[in-house]
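Geometric and topological summary
Below, each chain spelled out in residue letters.
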Amino acid sequence: MIDTHAHLDGEEFKDDLPEVIQRAQEAGVGKVFLPAIDLKTVKSVLAVCRQYPGYAYPMVGLHPEEVRSDWREVLETMRTTYLSPDNLSPLAPHSSDAPFIAIGEVGLDYYWSREFEQEQLEAFEEQVRWSIETRLPLMIHCRKAQNELVKLLRRYEQDLPGGVFHCFTGNEHEAEELLSFDRFVLGIGGVLTFKKSHLPEVLPAVVPLDRVVLETDSPYMAPVPHRGQRNESAYVACVLSRLAESYGISEAEVAEQTNRNVTRVFGLE
């Protein structure tokens, strides 16, 4: 299994990260992908990935909830420090000169406030252009903003290298709309296991298994039976199990197919 989205660089793991990684490995997790959310976390993500080379892989990006009036300066610093012209395409995403496997976590979030609505749109568009330039896939966060997100992405649809719509929790129509971007997949996490979730019905109805990747979003959104606890990468096994049940196939088939999907999107063997 591959956990394509885990904030293992967070404070929540500062006291026991080695044990968290060990539990993930023992549960059958072969890789973990770490998104950044701002300048500070790019450094902490890289630190974890250097500690676990070949197991933990970094992303670089500015999360929509971290977008403020200074977003231009933040992105300029992020780009010149980590995605300088020397590191852009055609270098492979996972070459030693360009260690990042994706641009993320980026997107739009109007759940709490639209105070920085325009700034979020402009910051996201800039990072979409990074993705096109570098050929690094996007790790996209979207909450209460799918219409705006889709409208923006349509303008770049032919040039996008692909990516993940992280933490998908929507309905059949929303799934079909996102999957109309044919190089993208849906990131499925702990919400799938929640008692009131409609995902066990929605996914098999309209989402082919070759358009799904697994994730935890650790330390958030822990799956049943760990709901309410700190989430960690080992618990991606609970998501895998519920996904297999939903699609009516074996866990081994789900693991094999979702791993193939990760290879296709991220270029990692």
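Read on for an overview of the structure. (Residues numbered from 1 in each chain as written. Predicted model: local features only at pLDDT ≥ 70, side-chain atom pairs only at ≥ 80, totals over all residues. Heavy atoms only, no water.)

Notes on the overall build of the protein chain
Assigned secondary structure in the protein chain consists of nine helices and eight strands. Taken over C-alpha atoms, the radius of gyration comes to 17 Å for the protein chain, in line with the 18 Å a tight globule of 269 residues would show. For the protein chain, the spread of C-alpha atoms along the three principal axes comes to 45 × 40 × 35 Å. Within the protein chain, buried positions represent 57% of all 269 residues. Sequence separation of at least 24 residues holds for 73% of the intrachain contacts in the protein chain that already meet a minimum separation of 6. A distance of 2 Å separates the average location of the 26 positive side-chain charges in the protein chain from that of its 43 negative side-chain charges. (Helix = DSSP H or I, 4+ residues; strand = E, 2+ residues; numbered from the N terminus. Rg over C-alpha atoms; globule rule 2.2 N^0.38 Å. Buried < 20%, exposed > 50% of the residue type's maximum accessible area, 1.4 Å probe, protein only. Contact = heavy atoms within 4.5 Å. Lys, Arg positive; Asp, Glu negative; His and termini not counted. Charge placed at Lys NZ, Arg CZ, Asp CG, Glu CD.)

Structural notes on empty space enclosed by the protein
Counted by the stated rule, this structure contains three cavities of 30 Å³ or more. Counted as a void, the largest cavity has a volume near 50 Å³. What lines the largest cavity is C167, F168, T169, G189, G190, V191, E215, T216, D217 and M221. Of the residues contributing to the lining of the largest cavity, the split by class is four nonpolar, four polar and two charged. (1 Å grid on protein atoms, 1.4 Å probe; cavity = no way out; pocket = protein on both sides within 12 Å on 5 of 7 lines; lining within 4 Å. Points joined across faces, edges and corners; volume = space filled by probe spheres on them. Nonpolar A, V, L, I, M, F, W, Y, C, P; charged D, E, K, R; others polar.)

Quick notes on the pattern of salt bridges
Overall, the coordinates contain 18 salt bridges when judged by the stated rule. In this structure, E133 and R79 form a salt bridge, with 2.9 Å as the shortest nitrogen-oxygen distance. Residue E133 is found in helix 4 (residues 117-134), and its partner R79 is found in helix 3 (residues 71-82); the two are separated by 54 residues along the sequence. You can call E133 partly exposed: its relative accessible area is 37%. Since its relative accessible area comes to 17%, R79 is described here as buried. With a shortest N-O distance of 3.0 Å, E117 and R114 are connected by a salt bridge. On the accessibility criterion, E117 (26% relative accessible area) is partly exposed. The exposure class assigned to R114 is partly exposed, which follows from its relative accessible area of 39%. One network of salt bridges, with partners in common, ties together D16, R23, R230 and E232. (Salt bridge = Lys/Arg side-chain N within 4 Å of Asp/Glu carboxyl O.)

With respect to the environment of H141
Note that H141 resides in strand 5 (residues 138-143). Considered as a pair, H141 and S84 are 57 residues apart in the sequence and their alpha carbons are 24 Å apart. Setting aside anything within four residues of it in sequence, one finds H141 in contact with H63, P64, E105, V106, G107, L108, D109 and H166. A polar contact of 3.4 Å, which involves the side chain of H141, links it to the side chain of H63. (Polar contact = N/O pair within 3.5 Å; in protein donor to acceptor, adjacent residues only side chain to side chain.)

Looking at unusual backbone geometry
Of note, the bond from G104 into E105 is cis; its omega dihedral lies within 30 degrees of zero at 15°. Checked against the element boundaries, E105 lands in strand 4 (residues 102-109). Residue P225 is bonded to the preceding V224 through a cis peptide linkage, with omega at 10°. On the secondary structure map, P225 appears in the loop between strand 8 (212-214) and helix 8 (236-247).

Structural notes on the sheet that holds strand 7 (residues 184-188)
Reading across the sheet, the eight strands line up as 1-2-3-4-5-6-7-8 and stay open at both edges, with parallel pairing between neighbours. Unpaired on one side and paired on the other, strand 1 (2-3) and strand 8 mark the two borders of the sheet. When strand 5 meets strand 6 (residues 163-165), the two strands line up parallel, connected through three bridges. Bridged to L138 within strand 6 is G163. (Pairing = 2+ DSSP bridges.)

Some points on the state of the cysteines
Disulfide: a covalent bond connecting the sulfur atoms of a pair of cysteines. What the rule picks out here adds up to zero disulfides. Residue C142 stays outside any disulfide, its sulfur separated by 11 Å from that of C167, the closest cysteine. Residue C142 is classed as partly exposed on the basis of its relative accessible area, which comes to 28%. Residue C167 is classed as partly exposed on the basis of its relative accessible area, which comes to 25%. (Disulfide = S-S within 2.5 Å.)

Section: helix 7 (residues 199-206)
Among all positions of helix 7, only L199, P200, V202 and L203 are buried. Looking down the long axis of helix 7, one finds its buried residues gathered within 165° of arc, a one-sided arrangement. Elements that come into contact with the buried residues of helix 7 comprise helix 6 (172-179), strand 7 and helix 8. (Arc of directions from axis to C-beta.)

Focus on the pairing of strand 5
Every other side chain in a regular strand lies on the same face of the sheet, so the side chains alternate between the two faces. Sheet topology note: the strand 4/strand 5 ladder contains six bridges and is parallel. Its bridge partner lying in strand 5, L108 is registered against C142. A crossover connection joins strand 4 to the parallel strand 5 through helix 4; in handedness this β-α-β unit is right-handed. At this point the chain moves from strand 5, through helix 5 (residues 146-154), to the parallel strand 6, and the crossover so formed is right-handed. (Right-handed = clockwise from strand over helix to strand, strands pointing away.)

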